[in-house]
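Notes for the structure review
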Amino acid sequence: MSGIATCTDSTALYATGTTDSVGVTTVPIAVALDGEPYESSDLDDFYARLEAGARATTSMPSPGDFLRAYSGAAASGADEVVSIHVDARVSATVASAQLAARDAPLPVTVVDSGTVSFGLGACVAAAAAAVSSGASAAEVDRLVRRLGRSARSVFVAASAPNGRVGADRGWVVMSFENGVATTEAACGSPTEATEAMAARIDVSGRRGSTPSSRCAASRL
């Protein structure tokens, strides 16, 4: 059995409990709606509140949050940790993990995945499989960095000039690649934006070319 524990943050977007089955510890990134902590796992409620105009904000885990995760891995018998996180160009999460690694009771390799969202989730899944197959921390580090550099994520975001999330055609389809987020299309609702997002991707993994007719193309 490998002595390497795998850790990530919740921007990897794994469903609750999913990572436990593959031996991955997830450190949560706090989410607030209209300034109040949002701790529910009910996504239907979350998106309904966004569409109604709620403002969503996030805050990165503290070094203390990561230190507790690393200490927990040590207590469970791990010899070392590979900690894989969202692109450092868009979040200070990697820096927070690095601070915690200095005080951890076991060696910690902090890896900047170079990607976000589903791209990060794919990197973590590949890392967990590699660890299970006997890969070293250095090998996992190289694997994740290679995968992250090649990833291109397409996602739905909500933004509006007047600050009301989801208002005034504020639902947009965006792509993230090589540290840069680009707006692809502007839509009037989360449903329209999701349709446009799906139209950007085909089954072969290549970039699509047919946006939803209900969205205004930005760069198609």
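Residues numbered from 1 in each chain as written. Predicted model: local features only at pLDDT ≥ 70, side-chain atom pairs only at ≥ 80, totals over all residues. Heavy atoms only, no water.

**Notes on helix α3 (residues 93-103)**
Here α3 has its buried residues at Thr 93, Val 94, Ser 96, Ala 97, Ala 100 and Ala 101. The arc that holds the buried residues of α3, viewed along the axis, is 155°, so those residues lie on one side. Along α3, exposed side chains directed more than 90 degrees from the buried face belong to Arg 102 and Asp 103. Contact partners of the buried residues in α3: β1 (4-9), α2 (63-75), β6 (80-85) and β7 (108-112). (Buried < 20%, exposed > 50% of the residue type's maximum accessible area, 1.4 Å probe, protein only. Helix = DSSP H or I, 4+ residues; strand = E, 2+ residues; numbered from the N terminus. Arc of directions from axis to C-beta. Contact = heavy atoms within 4.5 Å.)

**Side note on helix α4 (residues 117-132)**
Count 3.6 residues to each turn of an α-helix, and residues three or four apart come out pointing the same way. Taking 1.5 Å of rise per residue, the 16 residues of α4 would be expected to cover 22 Å, and the 23 Å separating its terminal C-alpha atoms lies within 8% of that figure. With its phi angle positive at about 100°, Gly 134 sits one or two positions after the end of α4. (Expected span 1.5 Å × (residues − 1).)

**Details of the packing of aromatic side chains**
Taken as a whole and assessed by the stated rule, the structure comprises 1 aromatic pair. Consider the rings of Phe 66 and Tyr 70, whose centres lie 6.1 Å apart with planes at 25°: the pair is stacked. Of the two residues, Phe 66 and Tyr 70 are both situated in helix α2; the distance of 4 residues between them amounts to about one turn of the helix. Judged by its relative accessible area of 0%, Phe 66 is buried. Tyr 70 gets classed as buried once you look at its relative accessible area, which sits at 0%. (Phe/Tyr/Trp six-rings, centres within 6.5 Å; stacked < 30°, edge-to-face > 60°.)

**Topic: the sheet that holds β1**
If you trace the 4 strands from one edge of the open sheet to the other, you get β2-β1-β6-β7, paired in parallel fashion. The sheet is open, and its two borders are formed by β2 (24-27) and β7, each paired with just one other strand. Here the average twist between neighbouring strands, direction ignored, is 25°. Strand contacts of α3: β1, β6 and β7, with the helix running at about 170° to β7, the strand carrying the most contacts. Along the sheet face, helix α5 (residues 137-150) touches β1, β6 and β7 and points at about 10° away from the line of β7. (Pairing = 2+ DSSP bridges. Axes fitted to C-alpha atoms, helices over the stretch in contact; angles between N-to-C directions.)

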